[in-house]
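If you want the building blocks of each chain, they are given just below.
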Amino acid sequence: MVDKIGGVNPLRPNVTMNVNNSQNQGVSEFSKVLSEALKNVNDQQKNVEKLTDDFAMGKVSNIHELIVEAEKASISLRLTVEVRNRIVEAYREIMRMQF
C-alpha cells in the first residue's frame, strides 16, 4: 500500500511554524555552519604552520605527515574560496533579477 505523505515535520505534524521564526532559525543555522567551516579551515592552516615550524626546527622527522596535512589544508582552502565565489555569484544573479 502507499502511505500518506506526512507534513513538513513528521514528528509533530499538527504544529504550524511561524515563517519569521523558521527564516531566522535557518539564517542562524547557516551562519553557524559557515562559521564552523571557516574555523576548521583556519585551524587546519594553523596546524600546517606549526608542523612546518616544527619540521624546520628538526622536531618532526616525518615529512610525509607534513605534506599530507599541507595538502589537506590547501584543498580545504580552495574549496572554501570556491564556495565563497559561488555564493557571491548567486547573490549577484539574484540582484540582477527583475521582479
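What you see is a predicted model, and the numbers here were worked out from it, not measured in a lab.

1. Thoughts on the overall build of the chain
Item 1. A count of helical and extended segments in the chain gives two helices and zero strands.
Item 2. Burial analysis of the chain (99 residues in total) assigns 8% to the buried set.
Item 3. Accessible surface for the chain amounts to roughly 9000 Å². Of this, 59% is attributable to carbon and sulfur atoms.

2. Examining the confidence of the model for the chain
Item 1. In the predicted model, the chain carries a mean pLDDT of 81, and the fraction of residues at 70 or more is 75%.
Item 2. Taken as a whole, residues 1–19 scores under 50 in pLDDT and shows zero contacts with residues more than four places along the chain or in a different chain.

3. A look at the pattern of salt bridges
Item 1. The full count for this structure, using the stated rule, is seven salt bridges.
Item 2. Between Asp43 and Lys39 there is a salt bridge, with the nearest N and O atoms lying 3.0 Å from each other. Of this pair, Asp43 and Lys39 both sit in helix H1 (residues 19–56), separated by four residues, roughly a single helical turn.
Item 3. Judged by relative accessible area, which is 35%, Asp43 ranks as partly exposed.
Item 4. For Lys39, a relative accessible area of 52% translates into the label exposed.
Item 5. The salt bridge involving Glu71 is made with Arg78; its shortest N-O contact spans 3.5 Å.
Item 6. On the basis of relative accessible area, Glu71 is assigned to the partly exposed category, the value being 43%.
Item 7. A cluster of three or more residues bridged by salt bridges with shared partners is formed by Glu89, Glu93 and Arg96.

4. Digging into the layout of surface pockets
Item 1. As a volume, the largest pocket reaches approximately 300 Å³.
Item 2. Contributing to the lining of the largest pocket are 13 residues, with Leu34, Ala37, Leu38, Thr80 and Val83 lying nearest its centre.
Item 3. Looking at the lining of the largest pocket, the elements with two or more residues in it are H1 and helix H2 (63–96).
Item 4. The dominant element in the lining of the largest pocket, judged by the number of residues it contributes, is H2, at seven residues.
Item 5. Residues of the lining of the largest pocket, tallied by class, amount to ten nonpolar, two polar and one charged.

Each value, and the rule that gives it
Residues numbered from 1 in each chain as written. Predicted model: local features only at pLDDT ≥ 70, side-chain atom pairs only at ≥ 80, totals over all residues. Heavy atoms only, no water. Helix = DSSP H or I, 4+ residues; strand = E, 2+ residues; numbered from the N terminus. Buried < 20%, exposed > 50% of the residue type's maximum accessible area, 1.4 Å probe, protein only. Areas by Shrake-Rupley, 256 points an atom, 1.4 Å probe, with all protein chains shown as cover. pLDDT = per-residue confidence, 0-100. Contact = heavy atoms within 4.5 Å. Salt bridge = Lys/Arg side-chain N within 4 Å of Asp/Glu carboxyl O. 1 Å grid on protein atoms, 1.4 Å probe; cavity = no way out; pocket = protein on both sides within 12 Å on 5 of 7 lines; lining within 4 Å. Points joined across faces, edges and corners; volume = space filled by probe spheres on them. Nonpolar A, V, L, I, M, F, W, Y, C, P; charged D, E, K, R; others polar.

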